[in-house]
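# Chains, contacts and geometry: an overview
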Number of protein chains: 2
Amino acid sequence: MTMVRQTRQRAAVIEVLQASRAHPDAAWIHAQVRAQLPSVSLGTVYRTLDALVRDGVVVTIERAGQATRYDYRHDGQDHHHAVCRSCGAIFDVAAEALPVIPTLGLPEGFQVTGVRLEFMGVCPTCAGTQNPAQAGVAQRNHH
Amino acid sequence: MTMVRQTRQRAAVIEVLQASRAHPDAAWIHAQVRAQLPSVSLGTVYRTLDALVRDGVVVTIERAGQATRYDYRHDGQDHHHAVCRSCGAIFDVAAEALPVIPTLGLPEGFQVTGVRLEFMGVCPTCAGTQNPAQAGVAQRNHH
DNA sequence: TTTAATGCAAACAATTTGCAGTAGA
DNA sequence: TCTACTGCAAATTGTTTGCATTAAA
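Only a predicted model underlies this, so the values are computations on that prediction, with no experimental measurement involved.

Turning our eyes to something else, we now look at the interface of chain A and chain B. Where interface size is given, it is often the accessible area lost as the parts come together that is meant. If you look at the interface, chain A gives 39 residues, while chain B gives 40 residues. Across the chain A to chain B interface the summed buried area is about 3300 Å²; carbon plus sulfur atoms make up 62%. The largest share of the area that chain A buries against chain B comes from Phe110(A), Arg116(A) and Phe119(A), three residues that together contribute 19% of it. Between chain A and chain B we count two salt bridges in total. Of the charged contacts, one joins Arg116(B) and Glu118(A) as a salt bridge, the two residues approaching to 3.7 Å between their closest N and O atoms. At the boundary of chain A and chain B, one finds 12 residue pairs in polar contact (both at pLDDT 80 or more).

Around DNA strand D, a shell composed of 24 residues is seen, among which Tyr46(A), Thr68(A), Arg5(B), Thr7(B) and Thr44(B) lie nearest. Looking at DNA strand D alone, sugar and phosphate atoms form 70% of those within 4 Å of the protein. Take Gln9(B): an N or O atom from its side chain is 2.9 Å from a sugar or linking oxygen of DNA strand D. One of the backbone nitrogen or oxygen atoms of Val40(B) is found 3.4 Å away from a phosphate oxygen of DNA strand D. Listed by contribution, the elements that provide at least two residues to the surface near DNA strand D are α3 (42–54) of chain A together with α1 (8–19) and α3 (42–54) of chain B. When residues of the surface near DNA strand D are assigned to their parent elements, the largest contribution, four residues, is made by α3(A). Among the residues making up the surface near DNA strand D, the classes are represented as eight nonpolar, eight polar and eight charged.

All names here are of chain A. With domains assigned, chain A is organised as domain 1 (1–74) and domain 2 (77–143). Listed as interface residues are 16 residues of domain 1 and, on the opposing side, 16 residues of domain 2. In total, domain 1 and domain 2 occlude about 1400 Å² of area from one another, counting both sides; carbon and sulfur atoms represent 50% of this. Where domain 1 touches domain 2, the interface holds two salt bridges.

For DNA strand C, the set of nearby residues contains 23 residues, the closest of which are Arg5(A), Thr7(A), Thr44(A), Tyr46(B) and Thr68(B). Of everything in DNA strand C that lies within 4 Å of the protein, sugar and phosphate atoms constitute 69%. Within the contact set of DNA strand C, a base nitrogen lies 3.1 Å away from a side-chain nitrogen or oxygen of Arg47(A). Elements supplying a minimum of two residues to the surface near DNA strand C: α1 (8–19) and α3 of chain A together with α3 of chain B. Looking at the surface near DNA strand C element by element, the count peaks at four residues for α3(B). For the surface near DNA strand C, the class distribution of residues is seven nonpolar, eight polar and eight charged.

The biggest cluster of nonpolar side chains holds 28 residues, and the ones touching the most others in it are Phe119(A) and Phe119(B). Put simply, the parts of the chain that give this core at least two residues each are β3 (79–84), β4 (90–94) and β5 (111–122) of chain A together with β3 (79–84), β4 (90–94) and β5 (111–122) of chain B.

Residue and element names in this part refer to chain A. Structurally, Val-45 is set in helix α3. By relative accessible area, which is 0% here, Val-45 ends up buried. Among all residues touching Val-45, those that are not within four sequence positions of it are Val-13, Ala-26, Ile-29, His-30 and Val-40.

Backbone hydrogen bonds hold the strands of a sheet together, and the pairing may be parallel or antiparallel. As summarised here, the arrangement of the six strands in space is β4(A)-β3(A)-β5(A)-β5(B)-β3(B)-β4(B), forming an open sheet in which the pairing is mixed. Strands at the two margins of the open sheet, each flanked by one partner only, are β4 of chain A together with β4 of chain B. Sheet twist, expressed as the average angle between the axes of neighbouring strands with direction ignored, equals 30 degrees. Where β3(B) lies against β4(B), five bridges are found, and the strand directions are antiparallel.

Quick look at the pairing of β5(A) now. In this structure, β3(A) lies alongside β5(A), joined through four bridges in parallel fashion. Note on β5(A): the bridge partner recorded for Cys84(A) is Gly121(A). Sheet topology note: the β5(A)/β5(B) ladder contains 11 bridges and is antiparallel. Residue Val122(A) lies in a different strand from β5(B), and its bridge partner there is Gln111(B).

Calculation notes
Residues numbered from 1 in each chain as written. Chains lettered and ligands numbered in written order. Predicted model: local features only at pLDDT ≥ 70, side-chain atom pairs only at ≥ 80, totals over all residues. Heavy atoms only, no water. Contact = heavy atoms within 4.5 Å. Buried area = accessible area lost by both parts, 1.4 Å probe. Salt bridge = Lys/Arg side-chain N within 4 Å of Asp/Glu carboxyl O. Polar contact = N/O pair within 3.5 Å; in protein donor to acceptor, adjacent residues only side chain to side chain. Near = heavy atom within 4 Å. Helix = DSSP H or I, 4+ residues; strand = E, 2+ residues; numbered from the N terminus. Nonpolar A, V, L, I, M, F, W, Y, C, P; charged D, E, K, R; others polar. Domains from an automatic or database assignment. Core = buried A, V, L, I, M, F, W, Y, C linked by side-chain atoms within 4.5 Å. Buried < 20%, exposed > 50% of the residue type's maximum accessible area, 1.4 Å probe, protein only. Pairing = 2+ DSSP bridges. Axes fitted to C-alpha atoms, helices over the stretch in contact; angles between N-to-C directions.

Written out as structure tokens, the structure reads:
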């Protein structure tokens, strides 16, 4: 039987994740965790995040060439994202604001474990400016 | 004024894209293009694909650590995807099968240019087998 | 004790970029 | 002609992996 172990580093990663709604990436999470446990490696952060994603506790926003952003599902609440094409800022969109998406048109027998909905577009700041805002983890909802 | 030029390599990339509904990645597209124009570089393929994505002609499916898959929007028709977590197979889901998604709950002033909807889950083949199918470009809708 | 989880560093792979040369307009 | 586009190769960068060690159960 496989056995999942409760470790200090795993707890730290989860804690950082829960405390942030800024859609952090692995490197940022790593830095935060190191403030508590200086010896934790980036590899461990990645492995822990993978496990959390598999468990459905954490959701990812993946963009080619850019670091994956991780999003803790607070209270198991579903929500979706609006991603600015220009500056990379990510905004939360409450799932309640959207209708339940029926799983029609799927291949016969496909078992859905999660739905990912992303609105691509231009955020208010970038829409109004010539020079787009700088993307970053710290900066969020920059409007 | 910027000027977009019609080049042989760009035409070849578009042609390959239009001919395939298998959600190919850049390397596969490159190989196909080279069958016609052996000198075309992978860099050019990437640059061309980027332009097509910007123009909204092509849609991407991005997964961390894996190659981005490119999907030509035939007839400008919107459609979404079902991605198998186990083998990576990608299935098309007709947009008609889904309700129009209202853009409520978005940040004030966010201009939506595209919606990306992905059903994550397990495909019929992987659900029924212990050992998952091999993911690949050639293999599509393996049920 | 048993073996999952870790830290470290090296390996990998996808994508981007600088630059000199090519070819559309 | 003019300059967008190309090919090439090197550089980046996010992510994964092998292995000896540590620590949770």
